[in-house]
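Chain residues, written in single-letter form:
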Amino acid sequence: MIVIGLCGASGSGKGYVCEAFKKHGVEFIDTDKVYSTKIVRAGSDCLGELCMFFGKGILNEDGSLNRRALSERVFQGENASEHLKVLNRITHRYILADVEKTIDEYRKNGARAVIVDAPVLFESGFNESCDTTICVTASYDTKLERIIARDKISREKAQARLKSQLPDERLVELCEYEIKNDADHDIEAQVLSIIEKLNLGE
């Protein structure tokens, strides 16, 4: 089974690309979903560690994570970059352990390939567990508008989020494949090209 690491800045459209691969029989693991539904659920060990550093102000009244409150601590202020490093250091090991278990399940079930949608693929070191890597790119303005529309945040907050992430140019250097996800690019054709190169056709 081939393990494909997929990355890209916020707003690049990684989920859309993963769905395009799934239509051709390539399973995918959304690490954002793993994070939100498992790793930081109320009462989890990971959420406890986050509270020890960021304080209980990142919690909702029911004990669940208030993602907006955490985001403000991580992406804003003069200590934002250090706070982001702490967030990643705490959460990555929990996410990666869960992802490894899911990959093993796909392998046992005979899957041909699985994509791991990991926004911080290289920062977490998970790229070393992948057989190949893909980055999803889009123009800065496209990513910005997608973030604002999706997360209902201000332009300034969306800009701060993009500033904290690796630029597309760097991701293209690090990855073996690139998928351009702007309105004027054919996603299906790009996905089929990679499937053919990886010999993953039906």
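Preceding this paragraph is the structure being described.
Remember, it's a predicted structure, so these values are computed and weren't measured experimentally. (Residues numbered from 1 in each chain as written. Predicted model: local features only at pLDDT ≥ 70, side-chain atom pairs only at ≥ 80, totals over all residues. Heavy atoms only, no water.)

Draft legend 1. Here's a closer look at the overall build of the protein. When you go through the protein residue by residue, the secondary structure sums to 10 helices and five strands. Against the 2.2 N^0.38 benchmark of 17 Å for 202 residues, the protein shows a C-alpha radius of gyration of 17 Å, consistent with a compact globule. If you line up the protein on its principal axes, its C-alpha atoms span 50 × 40 × 25 Å. Counting the 202 residues in the protein, one finds 44% classified as buried. The long-range fraction of contacts in the protein, counting pairs at least 24 apart against all pairs at least 6 apart in sequence, stands at 71%. About 10800 Å² of surface is accessible on the protein, with carbon and sulfur atoms providing 48% of the total. A gap of 4 Å separates the mean positions of the 28 positive and 34 negative side-chain charges of the protein. (Helix = DSSP H or I, 4+ residues; strand = E, 2+ residues; numbered from the N terminus. Rg over C-alpha atoms; globule rule 2.2 N^0.38 Å. Buried < 20%, exposed > 50% of the residue type's maximum accessible area, 1.4 Å probe, protein only. Contact = heavy atoms within 4.5 Å. Areas by Shrake-Rupley, 256 points an atom, 1.4 Å probe, with all protein chains shown as cover. Lys, Arg positive; Asp, Glu negative; His and termini not counted. Charge placed at Lys NZ, Arg CZ, Asp CG, Glu CD.)

Draft legend 2. Seen up close, the environment of Glu-78. With respect to the helices and strands, Glu-78 occurs in the loop between helix H4 (67–75) and helix H5 (80–108). For the pair Glu-78 and Lys-22, spaced 56 residues apart in sequence, the C-alpha separation works out to 41 Å.

Draft legend 3. Region of the structure containing the nonpolar core. By size, the foremost hydrophobic cluster in this structure holds 33 residues, and its most contacted members are Val-40, Leu-50, Phe-54, Leu-70, Leu-87, Ile-103 and Val-116. Broken down by secondary-structure element, the contributors of at least two residues to this core are strand E1 (2–7), helix H2 (31–39), helix H3 (45–54), H4, H5, strand E3 (113–117) and helix H6 (121–124). When residues in this core are grouped by element, the largest group, seven residues, is from H5. Residues in contact with Leu-70, not counting those within four places in the same chain, are Tyr-35, Phe-54, Ile-58, Leu-65 and Leu-87. Counting 20 residues, the second-largest nonpolar core is a separate cluster that includes Leu-6, Phe-28, Ile-115 and Ile-195. (Core = buried A, V, L, I, M, F, W, Y, C linked by side-chain atoms within 4.5 Å.)

Draft legend 4. Spotlight on unusual backbone geometry. One non-glycine residue with positive phi stands out, namely Lys-152, at about 55 degrees. Classification of Lys-152 as exposed rests on a relative accessible area of 63%.

Draft legend 5. Highlighting the sheet that holds E1. Within the open sheet, the five strands sit side by side as E2-E3-E1-E4-E5. Their pairing is parallel. Since the sheet does not close on itself, it has two edges, and those belong to strand E2 (27–30) and strand E5 (177–180), each with one partner. When the angles between neighbouring strand axes are averaged without regard to direction, this sheet yields 25 degrees. Bridging between E1 and E3 involves five bridges; their strand directions are parallel. Looking at the pairing, Ile-2 lines up with Ala-113 of E3. Its contacts with the sheet place H2 against E2 and E3, and it is angled at close to 50 degrees to E2. Sheet contacts for H5: E1, E2 and E3; angle to E2, the most-contacted strand, approximately 165 degrees. (Pairing = 2+ DSSP bridges. Axes fitted to C-alpha atoms, helices over the stretch in contact; angles between N-to-C directions.)

Draft legend 6. Structural view of the packing of aromatic side chains. Taken as a whole, this structure holds one aromatic pair when the rule is applied. When the ring of Phe-53 is compared with that of Phe-54, the centres are 4.8 Å apart and the planes differ by 80 degrees; the resulting orientation is edge-to-face. Judged by relative accessible area, Phe-53 falls into the partly exposed class, the value being 42%. Judged by its relative accessible area of 9%, Phe-54 is buried. (Phe/Tyr/Trp six-rings, centres within 6.5 Å; stacked < 30°, edge-to-face > 60°.)

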